[in-house]
Amino acid sequence: MDAHVHETFLTHTDNGLQIDSDLALLDALTGPALPNIKGGFKRRDSDLDPLLLAAAAASGPGVTRNHYHHDFFPGVMLPKAEGSWDWTKWKGEPVGTRPIQRYAYVSRQAPRHLRQKLENKENGVPGQPLRPADNTFLTTPKRTRVPSHPTSTSPFISAPTPTPSKDVEVKCMARTRIPTPHGLAFLHLYHNNRDNKEHLAIIVDPAQLSDTDYSIFAPPIRSRSLDAVWSDSETEMDRLTRGAYIGRLSPSSRTVSSPMSQSPSRPTDLIPSPLIRIHSECFTGETIGSMRCDCGEQLDEAIRLMSQPISMSSLSTSAAAQHIPGRGVIVYLRQEGRGIGLLSKIRAYNLQDLGHDTVTANLLLGHMADERGYEIAIAILRDLGLGSESGEGVRLLTNNPDKVKAMENEGLRVVERVPMVPRSWRKRGQQASPHVVGFDDDGGERTAGATMVGGDAVHGEDLEKYLRTKVLRMGHMLPLFPQETSYAA
Ligand SMILES: Nc1nc2c(ncn2[C@@H]2O[C@H](COP(=O)(O)OP(=O)(O)OP(=O)(O)O)[C@@H](O)[C@H]2O)c(=O)[nH]1
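The sections below set out a description of the structure shown in this document. (Residues numbered from 1 in each chain as written. Predicted model: local features only at pLDDT ≥ 70, side-chain atom pairs only at ≥ 80, totals over all residues. Heavy atoms only, no water.)

Within the chain, the regular secondary structure consists of 14 helices and 15 strands. With 489 residues in all, the chain has 48% of them scored as buried. Taking the intrachain contacts of the chain between residues at least 6 apart in sequence as the baseline, contacts between residues at least 24 apart amount to 64%. (Helix = DSSP H or I, 4+ residues; strand = E, 2+ residues; numbered from the N terminus. Buried < 20%, exposed > 50% of the residue type's maximum accessible area, 1.4 Å probe, protein only. Contact = heavy atoms within 4.5 Å.)

A few words on a nonpolar patch on the surface. Side chains of Phe283, Ile288, Leu342 and Ile346 sit close together on the surface and give an oily, nonpolar patch of about 340 Å² of accessible area. Inspection of the secondary structure assignment puts Phe283 in helix H7 (residues 283–287). A relative accessible area of 35% places Phe283 in the partly exposed class. (Patch = residues over 30% accessible without salt bridge, like charges linked within 9 Å, V, L, I, M, F, W, Y side chains within 5 Å. Areas by Shrake-Rupley, 256 points an atom, 1.4 Å probe, with all protein chains shown as cover. Salt bridge = Lys/Arg side-chain N within 4 Å of Asp/Glu carboxyl O.)

Moving on, we get to the packing of aromatic side chains. Overall, the coordinates contain zero aromatic pairs when judged by the stated rule. One cation-aromatic arrangement involves Arg175 over Phe186; the distance from NZ or CZ to the ring centre is 4.4 Å. Lying over the aromatic face of Tyr349, Arg292 brings its terminal NZ or CZ to 4.3 Å of the ring centre. (Phe/Tyr/Trp six-rings, centres within 6.5 Å; stacked < 30°, edge-to-face > 60°. Lys NZ or Arg CZ within 6 Å of the ring centre and 35° of its normal.)

Every one of the 25 residues lining the ligand counts as a neighbour, but Glu281, Arg372, Thr398, Lys403 and Lys470 are closest to it. At a separation of 2.4 Å, an oxygen atom of the ligand approaches a polar side-chain atom of Lys403. Contact with the protein chains covers 99% of the free accessible surface of the ligand, which is 660 Å². Its atoms largely coinciding with the cavity grid, the ligand occupies the largest cavity. Where the shell around the ligand is concerned, the elements lending two or more residues are strand S10 (275–280), helix H8 (295–307), helix H9 (342–353), helix H10 (358–364) and helix H14 (461–474). The leading source of residues in the shell around the ligand is H9, at three residues. Classifying every residue of the shell around the ligand gives six nonpolar, eleven polar and eight charged. (Near = heavy atom within 4 Å. Polar contact = N/O pair within 3.5 Å; in protein donor to acceptor, adjacent residues only side chain to side chain. 1 Å grid on protein atoms, 1.4 Å probe; cavity = no way out; pocket = protein on both sides within 12 Å on 5 of 7 lines; lining within 4 Å. Sits in = over half its atoms within 2 Å of the grid points. Nonpolar A, V, L, I, M, F, W, Y, C, P; charged D, E, K, R; others polar.)

Bringing the nonpolar core into the picture now. In this structure, Ile278, Val329 and Leu384 are the most contacted members of the largest nonpolar core, which totals 32 residues. Secondary-structure elements contributing two or more residues to this core are strand S5 (170–180), strand S6 (183–192), strand S7 (199–204), S10, strand S13 (328–333), helix H11 (375–383), strand S14 (394–397) and helix H12 (401–409). For this core, the leading source of residues is H11, giving six residues. Once residues within four sequence positions are removed from consideration, Val329 is found in contact with Ala201, Ile202, Ile203, Ile221, Leu275, Ile276, Arg277, Met306, Leu381, Leu384 and Leu386. Within the second largest apolar cluster, 14 residues are counted, among which are Ala185, Leu275, Leu299 and Ala302. (Core = buried A, V, L, I, M, F, W, Y, C linked by side-chain atoms within 4.5 Å.)

As summarised here, the arrangement of the seven strands in space is S5-S6-S7-S13-S10-S14-S15, forming an open sheet in which the pairing is mixed. One side of each edge strand has no neighbouring strand; the edge strands of this open sheet are S5 and strand S15 (414–418). Averaged over all adjacent pairs, the angle separating strand axes in this sheet is 25 degrees, with direction ignored. Sheet topology note: the S7/S13 ladder contains five bridges and is antiparallel. Along S13, the bridge assignment pairs Leu200 with Tyr332. Against the sheet, H8 contacts S5, S7, S10, S13 and S14, and its axis sits at roughly 160 degrees relative to S10. (Pairing = 2+ DSSP bridges. Axes fitted to C-alpha atoms, helices over the stretch in contact; angles between N-to-C directions.)

If you walk through the whole model with that rule in mind, you get 15 salt bridges. Here Arg423 makes a salt bridge to Asp300, at a shortest N to O gap of 2.8 Å. Of this pair, Arg423 sits in helix H13 (residues 423–430) while Asp300 is found in helix H8, placing the two residues 123 residues apart along the sequence. Judged on exposure class, the residue Arg423 and its partner Asp300 are both buried. Across the salt bridge formed by Arg327 and Glu392, the nearest N and O atoms sit 2.7 Å from each other. One end of the pair, Arg327, is in the loop between strand S12 (323–324) and S13; the other, Glu392, is in the loop between H11 and S14, and 65 residues separate them in sequence. Here Arg327 falls in the buried class, since its relative accessible area comes to 3%. Glu392 sits in the buried class, given a relative accessible area of 5%.

With respect to the secondary-structure elements, Leu226 resides in helix H5 (residues 224–227). What makes Leu226 buried here is its relative accessible area of 1%. Separated by 38 residues in sequence, Leu226 and His188 have C-alpha atoms that sit 9.0 Å apart.

Take Thr398: it is sitting in the loop between S14 and H12. For Thr398, a relative accessible area of 1% gives the class buried. At 2.9 Å, the side chain of Thr398 and the backbone nitrogen of Asn400 are in polar contact.

A few words on H9. End to end, H9 covers 17 Å across twelve residues, agreeing with the expected 16 Å (1.5 Å per residue, within 8%). Those residues of H9 that fall on the buried side of the exposure criterion are Ser344, Lys345, Arg347, Ala348, Tyr349, Leu351 and Gln352. Immediately downstream of H9, the backbone of Gly355 shows phi near 115 degrees, a positive value. (Expected span 1.5 Å × (residues − 1).)

Along the chain, Glu336 falls in the loop between S13 and H9. Separated by 36 residues in sequence, Glu336 and Arg372 place their C-alpha atoms 9.1 Å apart. With sequence-adjacent residues up to four places away left out, Glu336 is seen in contact with Glu281, Cys282, Phe283, Gly341, Leu342 and Lys345. There is a polar contact of 2.6 Å between the side chain of Glu336 and the side chain of Lys345.

Shape is all these values report; function is a separate question.
This is how it looks when you write it as structure tokens:
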């Protein structure tokens, strides 16, 4: 922003300095003494820039996140607000000598007295029924209590403790075969009665295409809703087109599947329960190879691990039966940015560049550290016959204790948690120097495409900071190197 522009907003009055601009506020917050401010700070719907405010927060110890609970985009959480999302209505800033008209920041925070009432209600203190004022959005956490200061000393931000929700319904709309660098997978697209997003299940179960019948050891992982007959008028071609077939589909092979007649059965104890990963969408990490996070690598690693052949226990005598094809499921949830969406995640990245960690950045934007839910994932797993009391238990691939808790609270039978150690950390463990990371098989450092499926380890300063924050503030179960156990944002 142009400093000259800001000067035009500084008003010197008889009673002192009127704060009208970001820079003036920043100066006021970080200066040695507070200036004499006429009427105090503007607290609501004022022309404040969240990024500059965040910078102020980093250096002003008395400033809490509540000072910054504002949104740059007018009414971004209020879809009906004029111009809230339709940028064609935004005319840009007028040129000329007139004072520049800037978009006002809309507070997403309810007035204090309403928040107080809500808090009292939550704490069992009787009060008046809560009715939010117009143009406010109650941001009191629905599931997680956030600290009053983003850099509060309590190290862990814990995620919601969900209660089981039985009324979520999912339907697998289509399934198809996807060859991946690690082997064959079947992509399943789901609809549900909770949101209008297309959540996915990536099923690794190549035994379904094998000539050998492995079903006596492990039942094929199939969707009940996909294999069901949807209507009397459904044709064989309808079923084939939506993926309700068995074996390999080809011009010469087309065997439609039958609806599942029985409830899922537990397979033999000769093989471990299938690996399951509940993965949240990350456009930056998975599509454009961002090295700020390990999401792309985790997706790749999950498919790789699930594709590994499974060793049978020693009871098996025939050499041919000592291994069966790998199996597992990645439930891919469209919960970008730990549920805050891509827009907010991009803005959070800028706050991270200003020195905040991934948790604080979310809080400064008025979000919770983690806004995800897992009810739909559980419903998808049930549709696949996994994790119920009568069906197969699951081995959950995660470092996130909240995810394990959420799954178990929803009634999923988790028989084991399998950790996902970042590849760069695993490699570092194998190297003499703790700082040597990201080597390929020839010992050369890889950069391009490092995080894509089929790629190598993602590494770098941004990632290290992100991973440390996950361990130190979100309680992720990963071993830190001894010198890294203190928190450095
Ligand atoms: N808000 C925000 N979201 C992020 C950031 N980096 C990655 N994400 C999102 O975080 C989600 C993945 O979360 P992770 O913490 O890696 O995974 P997890 O599911 O909690 O834990 P694991 O199962 O152990 O991997 C995806 O939705 C990403 O888009 C970030 O800096 N800020």
